[in-house]
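The chain contents come next:
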Amino acid sequence: MGWFEVAVLFLLGVLAIAGALAMVLQRDPIRAALGLLLTMITLGIMYLLLSAPFVGFVQLVVYAGAIVVLFLLALMNFPTAPLLPDHLASMRPWMIGTIIVLGLGLQQMLIRFSYSRQIHVVDGTPEGIGSILLGKYIYVFQLAGLLLLVALVAAIYLTREDEPAPSFEVDPEELEDGTHARA
Amino acid sequence: MPVLEPASTAQSSLLIVSVILVLIGLGGVMLRRNPLVVLMSIELMLNAANLALITFARMYGGLHLEAQVIALIIMAVAAAEVGVGLALVVMIFRATPRADVDELHELHG
């Protein structure tokens, strides 16, 4: 990588972290979603620079395009929750301690993994990715499709308009008439 | 035995960016109380994992693209998760207008 790519990657990394911090620290959920959008877009551009152009474009289309828009749609359907007194305030030190311990562990892992061989790198073109995805990983691909289908059905089922809840109690009058009680 | 040499600073620092993003996402999951922001934080952690995968593909992958394929599958799983998660959040907002993940304990046994 030349110095220009390194500089761009560094800038993108700073932007990604800034977007993530904005997402967590903003009180307004819509601004949080926009911070997430910034992170998604910068990660997509990073993938382009890391010889993964196909994954980069998919990232831009799926995450920045579809998922963040879904979040924004859900946000605009509902009034934002009012600020509440904090119930878990006494747990905060434990939460932050967990983050710090996990961070130290991941840092140790990084030190162990940050050696690399000098290798020739191929770009992740759609052709190369497709031949692996539809070859060696065909069953994983099918499972992912099945998962998406199930998620689609579940989402539609969960958010359907409220019908009267099905009642399983037997209506005595209907039974006397000899007709079956509605389930 | 291949000779290992320190990775370029750019790649190591990308892994550090990935770690920082995971930690920020974890903080969001634990500290925020809006269910939508919690979902966004989970998305952020999945994205950080993807960044680490793509960086590893660049560092070690060489002629193999498996890591990028795994990243794509993670994206599909994340999309499914967002679909179901948003449906649940919509239900939560319908049930309790002031949705707070710390206050939701109807499923508590």
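All of these numbers come straight from a predicted model, not from anything done at the bench.

Novice: Give me the lowdown on the overall build of chain B, citing residues and values where you can.
Specialist: A count of helical and extended segments in chain B gives three helices and one strand. Taken over 109 residues, chain B has a buried fraction of 51%. Looking at chain B alone, contacts between residues at least 24 apart form 52% of all its contacts between residues at least 6 apart.

Novice: Any details on the overall build of chain A? Residues and values, ideally.
Specialist: Check the secondary structure of chain A and you find seven helices and one strand. Secondary structure elements of chain A occur, N-terminal to C-terminal, as α-α-α-α-β-α-α-α. Looking at chain A as a whole, 23% of its 183 residues are labelled buried. Here the analysis covers contacts within chain A between residues at least 6 apart in sequence; of these, 47% occur between residues at least 24 apart.

Novice: Any details on the interface of chain B and chain A? Residues and values, ideally.
Specialist: Taken together, the 71 residues of chain B in the interface contact 70 residues of chain A. Looking at which element gives the most residues to the side of chain B that touches chain A, the answer is helix α3 (residues 66-95) of chain B, with 21 residues. Taken together, the residues of the side of chain B that touches chain A break down into 48 nonpolar, 14 polar and nine charged.

Novice: Give a description of helix α2 (residues 29-49) of chain A that names residues and reports values.
Specialist: Residues and elements named next belong to chain A. Between the first and last C-alpha of α2 there are 31 Å, a value that for 21 residues agrees with the 30 Å anticipated at 1.5 Å per step. When you tally the buried positions in α2, you get 15 out of 21 residues, the bulk of the element. S51 sits one or two residues past α2 and shows a positive phi near 50 degrees.

Novice: Could you give me a rundown of the packing of helix α3 (residues 53-77) of chain A against helix α2 (residues 35-61) of chain B, with the residues and numbers involved?
Specialist: Relative to each other, α3 of chain A and α2 of chain B sit at 175 degrees, their axes nearing to 12 Å. The orientation of α3 of chain A relative to α2 of chain B falls into the category roughly antiparallel. Contacts between α3 of chain A and α2 of chain B pair V55, Y63, I67, F71, A74 and L75 of chain A from the former with L36, M40, E43, N47 and I54 of chain B from the latter. Of the residues in the contact of α3 of chain A with α2 of chain B, the class split is nine nonpolar, one polar and one charged.

Novice: Go over the environment of Q68 of chain B with me, naming the residues and quoting the values.
Specialist: Turning to its location among the elements, Q68 of chain B is positioned in helix α3. On the basis of neighbour counts, which here come to 29 C-beta atoms within 10 Å, the residue Q68 of chain B falls in the buried class.

Novice: Please give an account of the nonpolar core that cites residues and values.
Specialist: The biggest cluster of nonpolar side chains holds 64 residues, and the ones touching the most others in it are L36 of chain A together with L21, M40, L44, L51 and I54 of chain B. The greatest single-element share of this core, amounting to 14 residues, is contributed by α2 of chain B. Ignoring any residue separated from it by four or fewer positions in sequence, one finds L21 of chain B in contact with A16, I17 and A20 of chain A together with L44, N47, A48 and L51 of chain B.

Novice: An account of the confidence of the model for chain B is needed here, citing residue identities and associated values.
Specialist: Of the residues in chain B, 85% have a pLDDT of 70 or more, and the chain-wide mean is 83. Predicted complex, confidence summary: ipTM 0.85, pTM 0.79.

Novice: Can you break down unusual backbone geometry residue by residue, with the values?
Specialist: Here S51 of chain A, not a glycine, exhibits a phi torsion of approximately 50 degrees, which is positive. Classification of S51 of chain A as buried rests on a count of 20 C-beta atoms within 10 Å.

About the thresholds
- Numbers given for residues are sequential positions, taken from 1 along each chain in its written order.
- Chain letters start at A and ligand numbers start at 1, both assigned in the order the entries are written.
- Two thresholds apply to this predicted model, a pLDDT of at least 70 for residue-level local features and 80 or more for giving and counting side-chain atom pairs, whereas whole-chain, interface and lining totals are computed over all residues.
- Put simply, DSSP H or I for four residues or longer makes a helix, DSSP E for two residues or longer makes a strand, and each gets a number counted from the N terminus.
- Counting other C-beta atoms within 10 Å of a residue's C-beta gives its exposure: the residue is buried at 20 or more, exposed at 12 or fewer, and partly exposed in between, where C-beta atoms are placed from the backbone.
- Two residues qualify as being in contact provided that their C-beta atoms, derived from the backbone, are within 7 Å of each other.
- Under the grouping applied here, Gly and all other residues not named as nonpolar or charged are polar, the nonpolar ones being Ala, Val, Leu, Ile, Met, Phe, Trp, Tyr, Cys and Pro and the charged ones Asp, Glu, Lys and Arg.
- The span you would expect from a helix comes to 1.5 Å times its residue count less one.
- Axis definition: a line fitted to C-alpha atoms, limited for helices to the stretch in contact. Angles are taken between N-to-C directions and run from 0 to 180 degrees.
- Roughly parallel means an angle under 35 degrees; roughly antiparallel means over 145; roughly perpendicular covers 65 to 115; every other angle is labelled oblique.
- Here, a nonpolar core denotes buried Ala, Val, Leu, Ile, Met, Phe, Trp, Tyr and Cys residues that are linked to one another through C-beta atoms within 7 Å.
- Think of pLDDT as the predictor's per-residue confidence, scored from 0 to 100.

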